[in-house]
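Here are the chains, one letter per residue:
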Amino acid sequence: MARSKTWVDFPSKPNWTPPPGAVDAHVHVFGPEAEFPFSPLAKYHPEDAPPEMLFALRDHLGFSRNVIVQASCHGTDNAATLNAIAKSAGRARGVAVVDPDIGIDELKRLHAGGVRGIRFNFLKRLVDNAPKDKFIEVAKRIAPLSWHVVVYFEADILEELIPFLEAIPTTIVVDHLGRPDIAQGPGGADITAFKALLDSHPNIWAKVSGPERLSPMGPPFDDFVEVVRPIVERYPDRVLWGTDWPHPNMEHRIPDDGTLVDVLPRIAVTEALQHKLLVANPERLYWAD
């Protein structure tokens with residue numbers, strides 16, 4: 001499998017400066033492979049994107065902290081994510097991907113390493129198996145740790161996922177807004193269904209990230225802003241944001257991270273909204289202790 005590179009080496013400096021304490025709440029690390037091999041089940045094989053590169057980007061973009069989400073290329077071996085958290089001097093927390101049969105001792109080990117949530121992936125192009133019943137069991141197991149569940153799915157399966165989501169006893173964070181069709185506009189069926197989900201389930205949050213994935217128009221992502229700004233304003237205490245660096249599977253549409261940051265003041269248009277999105281909300285989920 002050819003190794004893919006999905007990031008720019010020299011991203012632009014954002015024109016906008018994040019507030020002090022700001023968290024880039026959705027990033028990944030890849031490897032380094034010599035130390036942390038990729039899963040034999042991985043659907044993609046990236047070049048190394050180690051912690052040192054992540055932290056250099058964090059500083060360049062003006063952020064203070066990161067939430068490192070286990071990349072699917074590493075499967076359920078969270079060693080690379082734990083390594084990155086350990087090297088962050090307390091400035092990173094993590095979201096793990098775990099075997100559904102994981103025991104409490106291993107969960108406590110992950111907690112000690114800085115993990116504060118687990119991720120369930122329903123994208124068929126990334127995972128072969130997503131056993132809902134076992135996912136619900138492990139979600140119940142993490143509840144005493146005050147962790148949350150991150151769920152990644154596409155808009156066409158939202159309705160069938162609702163009973164599963166309702167069985168999860170923790171806070172839930174939906175990655176990339178559940179991947180709505182942004183071309184439908186702010187009144188479109190996909191985003192309307194997603195807002196109905198948030199309206200009826202106060203434990204569900206949204207990660208308002210991914211213009212590079214969701215916007216048919218591309219930079220400066222006016223279509224994404226039009227759809228997402230009302231979400232930030234309607235649910236100010238239940239939104240997170242992240243660059244998604246190093247942008248898995250984006251080799252044909254590699255984004256400039258500085259440009260992504262400059263979308264932020266357009267979806268969170270006041271200092272109060274910016275502080276909730278980038279500081280207060282991620283602190284509640286990841287640094288409550």
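Keep in mind that this is a model prediction, so the values were computed, not measured. (Residues numbered from 1 in each chain as written. Predicted model: local features only at pLDDT ≥ 70, side-chain atom pairs only at ≥ 80, totals over all residues. Heavy atoms only, no water.)

With that settled, consider the overall build of the protein. Looking only at helices and strands, one finds 11 helices and eight strands in the protein. Taken against the 2.2 N^0.38 rule, which gives 19 Å for 289 residues, the C-alpha radius of gyration of the protein at 17 Å falls within 12% of a compact globule. Put simply, the protein has 289 residues, and 58% of those count as buried. Looking at the protein alone, contacts between residues at least 24 apart form 77% of all its contacts between residues at least 6 apart. Working note: accessible area of the protein is about 11600 Å², and carbon and sulfur atoms make up 53% of it. Separation between the mean location of the 30 positive side-chain charges and that of the 39 negative ones in the protein comes to 3 Å. (Helix = DSSP H or I, 4+ residues; strand = E, 2+ residues; numbered from the N terminus. Rg over C-alpha atoms; globule rule 2.2 N^0.38 Å. Buried < 20%, exposed > 50% of the residue type's maximum accessible area, 1.4 Å probe, protein only. Contact = heavy atoms within 4.5 Å. Areas by Shrake-Rupley, 256 points an atom, 1.4 Å probe, with all protein chains shown as cover. Lys, Arg positive; Asp, Glu negative; His and termini not counted. Charge placed at Lys NZ, Arg CZ, Asp CG, Glu CD.)

Let us now look at the nonpolar core. Membership of the largest hydrophobic core comes to 82 residues, with the highest contact counts inside it found for F120, V208, W241 and I267. Among the elements that line this core, the one with the most residues is helix α8 (residues 222–234), at six residues. Ranked by size, the runner-up nonpolar core spans 12 residues in total, among them V23, V67, L240 and L285. (Core = buried A, V, L, I, M, F, W, Y, C linked by side-chain atoms within 4.5 Å.)

Quick look at the sheet that holds strand β2 (residues 65–69) now. The strand order β1-β2-β3-β4-β5-β6-β7-β8 describes an open sheet built from eight strands, whose pairing is parallel. With one partner strand each, in any of the chains shown, β1 (23–27) and β8 (239–240) form the two edges of the open sheet. Bridge count for strand β4 (residues 115–121) against strand β5 (residues 148–152) is five bridges, and the pairing is parallel. By the bridge assignment for β5, I118 is matched with V149. (Pairing = 2+ DSSP bridges.)

Quick look at the packing of aromatic side chains now. Scanning all chains against the criterion turns up nine aromatic pairs. In this structure an aromatic cluster arises from ring pairing among F120, F122, F135 and F164. Just above the ring of W287 sits the side chain of R65; from NZ or CZ to the centre is 4.7 Å. (Phe/Tyr/Trp six-rings, centres within 6.5 Å; stacked < 30°, edge-to-face > 60°. Lys NZ or Arg CZ within 6 Å of the ring centre and 35° of its normal.)

Inspection of the entire model under this criterion finds 19 salt bridges. One salt bridge in this structure joins E283 and R65, with 3.0 Å as the shortest N-O distance. In this pair, E283 is assigned in helix α11 (residues 271–286) and R65 in strand β2, connecting sequence segments 218 residues apart. Classification of E283 by relative accessible area gives partly exposed; the value is 32%. When salt bridges that share partners are traced, they join R3, E33 and D48 into one network. (Salt bridge = Lys/Arg side-chain N within 4 Å of Asp/Glu carboxyl O.)

On to the pairing of strand β7 (residues 204–207), then. Residues I204 and A206 point to one face of β7 and W205 and K207 to the other, with burial holding for every one of them. In the sheet, strand β6 (residues 172–174) pairs with β7 via three bridges, with the strands oriented parallel. Each residue of the ladder has a partner; that of I172, found in β7, is I204. One crossover worth recording links β6 to the parallel β7 by way of helix α6 (residues 189–200), and it is right-handed. (Right-handed = clockwise from strand over helix to strand, strands pointing away.)

Between its first and last C-alpha atoms α8 spans 19 Å; for 13 residues at 1.5 Å apiece the expected length is 18 Å, and the two agree. The largest bend in α8 is about 30°, located at V228, with the proline P230 one to four residues further on. Buried residues along α8 sit against α6, α7 (211–214), β8, α10 (264–267) and α11. (Expected span 1.5 Å × (residues − 1). Bend = angle between axes of the 7 residues up to and from the residue.)

By the element assignment, N121 lies in strand β4. There is a polar contact of 2.9 Å between the side chain of N121 and the backbone nitrogen of L123. (Polar contact = N/O pair within 3.5 Å; in protein donor to acceptor, adjacent residues only side chain to side chain.)

Take the pairing of strand β3 (residues 92–96) next. β3 sits mainly inside the fold: five of its five residues count as buried. Residues A92, G94 and A96 point to one face of β3 and R93 and V95 to the other, with burial holding for every one of them. As paired strands, β2 and β3 are joined by four bridges and run parallel to one another. Paired with V69 across the bridge in β3 is V95.

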